[in-house]
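Here is how the chains run, residue by residue.
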Amino acid sequence: MAGPYLNEPGFEVPDNTILVVPTSENNDGFYKEVILPLKGEVKRDWFHSHFYYCLPINIGNQYGFVIRSMRDFEVTWNGLMETENDLEIKFLNEDNADKQFIKGGFSNGVLTIQNCFVLRTPIGVNLMTIQPPNMYIPGCVALTGVIETDQIRRDFTFNIKITIPNYKITIKKGDALGAFIPVPRYYVDAFGLELVTDVFDRNIHLNEIGDGIELSRQRKAEDLEKPHMSGRKYFNGIHAYGEQYKDHQKKLI
């Protein structure tokens with residue numbers, strides 16, 4: 001068909017929006033059951049209370065969107081490489097068999113998850129598939145991929161690498177299989193590494209070292225007398241000598 005299609009003139013995906021496009025017009029792709037937005041999902045079932053004093057972890061826990069399993073199943077990789085039928089997948093029931101499709105696909109111990117929807121992003125924004133932040137299933141890891149979801153008009157799969165041969169992995173409905181985050185195209189590409197002294201003079205380098213040394217001293221001294229033995233300077237956006245961070249994020253907006 002000639003269109004129009006998403007992201008053609010007049011049909012642009014709105015900014016800060018990931019559109020869910022069901023692959024059938026008869027349902028919503030079951031996306032509310034599959035996708036868990038992580039904003040507000042600070043807790044993890046394997047954390048103890050001290051983890052929540054770490055702001056980078058609290059923020060990281062809330063980045064992106066999780067793809068959840070719709071099925072109860074067991075999977076075992078026989079350890080063989082570059083061969084078909086290397087996975088033994090046993091579904092424990094027929095629940096939601098029409099809502100998500102799980103199979104071997106790439107060989108080499110890779111499990112493929114196919115959903116009933118397409119994800120579309122604003123012009124110039126990719127989606128990056130990642131391991132669910134601070135969630136894990138022993139014996140497997142989500143593969144990373146970058147997809148031009150502003151352009152592709154079909155679904156893409158989420159894929160999991162089984163890492164331990166001949167080890168039975170049990171996955172239950174609701175378990176986090178993968179995740180995704182939006183990333184502007186070319187944004188990461190533009191970054192490179194430089195040594196600080198190749199860009200700034202020696203004094204800047206020494207100032208940075210000195211601030212770090214003072215913060216380490218505080219953490220080994222007066223901070224030990226504070227609750228949870230933490231001065232919480234990073235949490236509160238304060239440098240070692242008391243200056244406030246100029247732009248500090250303590251929660252997602």
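Before any of the text, the structure's been laid out above.
Residues numbered from 1 in each chain as written. Predicted model: local features only at pLDDT ≥ 70, side-chain atom pairs only at ≥ 80, totals over all residues. Heavy atoms only, no water.

1. Topic: the overall build of the protein
Stated precisely, the cut-off is as follows: Helix numbers and strand numbers start at the N terminus; a helix is a DSSP run of H or I with at least 4 residues, a strand a run of E with at least 2. C-alpha atoms define the radius of gyration in this analysis, and the globule rule sets the expected value at 2.2 Å times the number of residues to the power 0.38. Should any heavy atoms of two residues lie within 4.5 Å, those residues are considered in contact.
A count of helices and strands for the protein gives 4 helices and 14 strands. Taken against the 2.2 N^0.38 rule, which gives 18 Å for 253 residues, the C-alpha radius of gyration of the protein at 23 Å runs more than 25% over that of a compact globule. Projected onto its principal axes, the C-alpha coordinates of the protein cover approximately 60 × 50 × 35 Å. Looking at the protein alone, contacts between residues at least 24 apart form 66% of all its contacts between residues at least 6 apart.

2. A word on the environment of serine 24
Quick note on the threshold: Only protein chains enter the calculation, and the probe is 1.4 Å; a residue is then buried if its accessible area is under 20% of its type maximum, exposed if over 50%, and partly exposed in between.
Structurally, serine 24 can be placed in the loop between β1 (19–22) and α1 (31–34). When its relative accessible area of 25% is taken as the criterion, serine 24 is described as partly exposed. Linking serine 24 and glutamate 208, residues 184 residues apart in sequence, is a C-alpha distance of 56 Å.

3. Description of the sheet that holds strand β12 (residues 158–162)
To be explicit about the condition: Only strands that DSSP links by at least two bridges are regarded as paired with each other. Fitted lines through C-alpha atoms serve as axes, helices being fitted only where they are in contact, and the angles separating the N-to-C directions of these axes extend from 0 to 180 degrees.
Taking strand neighbours across the sheet as the criterion, the 4 strands line up as β6-β7-β12-β10 in an open arrangement whose pairing is antiparallel. Edge positions in the sheet fall to β6 (100–104) and β10 (140–142), since each of these pairs with one other strand and no more. Each strand of the sheet is rotated relative to its neighbour by a mean of 25°, with strand direction disregarded.

4. Considerations on the pattern of salt bridges
Our working rule: A carboxyl oxygen of Asp or Glu within 4 Å of a side-chain nitrogen of Lys or Arg is what we treat as a salt bridge.
A complete count under the given rule lists 9 salt bridges for this structure. The partner of glutamate 33 in a salt bridge is lysine 99, and the shortest N-O contact between them spans 3.1 Å. Separated by 66 residues along the polypeptide, glutamate 33 in helix α1 and lysine 99 in the loop between β5 (87–91) and β6 bring together distant segments of the chain. Note on lysine 99: relative accessible area 17%, which makes it buried. Among the ionic pairs, lysine 226 bridges to aspartate 223, the shortest N-O distance being 3.3 Å. Linked by salt bridges that have partners in common, Glu148, Asp150 and Arg185 make up one network.

5. What to know about the packing of aromatic side chains
Selection rule: A pair of aromatic rings is counted whenever rings of Phe, Tyr or Trp (Trp by its six-membered ring) have centres within 6.5 Å, and the orientation is called stacked for planes under 30 degrees apart, edge-to-face for over 60 and tilted otherwise. For a lysine, the NZ atom is tested; for an arginine, the CZ atom; a charge sits over a ring if that atom is within 6 Å of the ring centre and within 35 degrees of the ring normal.
Under the definition given, this model contains 11 aromatic pairs. A centroid spacing of 5.4 Å and a plane angle of 70° characterise the contact between tryptophan 46 and phenylalanine 51, whose relative ring orientation is edge-to-face. Among the residues examined, phenylalanine 51 registers a relative accessible area of 22% and is labelled partly exposed. Geometrically, the ring pair formed by tyrosine 187 and phenylalanine 191 is edge-to-face, given 5.2 Å between the ring centres and 65° between the ring planes. The exposed category is assigned to phenylalanine 191, whose relative accessible area is 56%. Ring pairs connect the aromatic residues Trp46, Phe47, Phe51, Tyr52 and Tyr136, which therefore count as one cluster. Above the ring of phenylalanine 91, the side-chain terminus of arginine 71 is found at 4.1 Å from the ring centroid. Directly above the ring of phenylalanine 235 sits arginine 232, whose terminal nitrogen or CZ lies 3.9 Å from the centroid.

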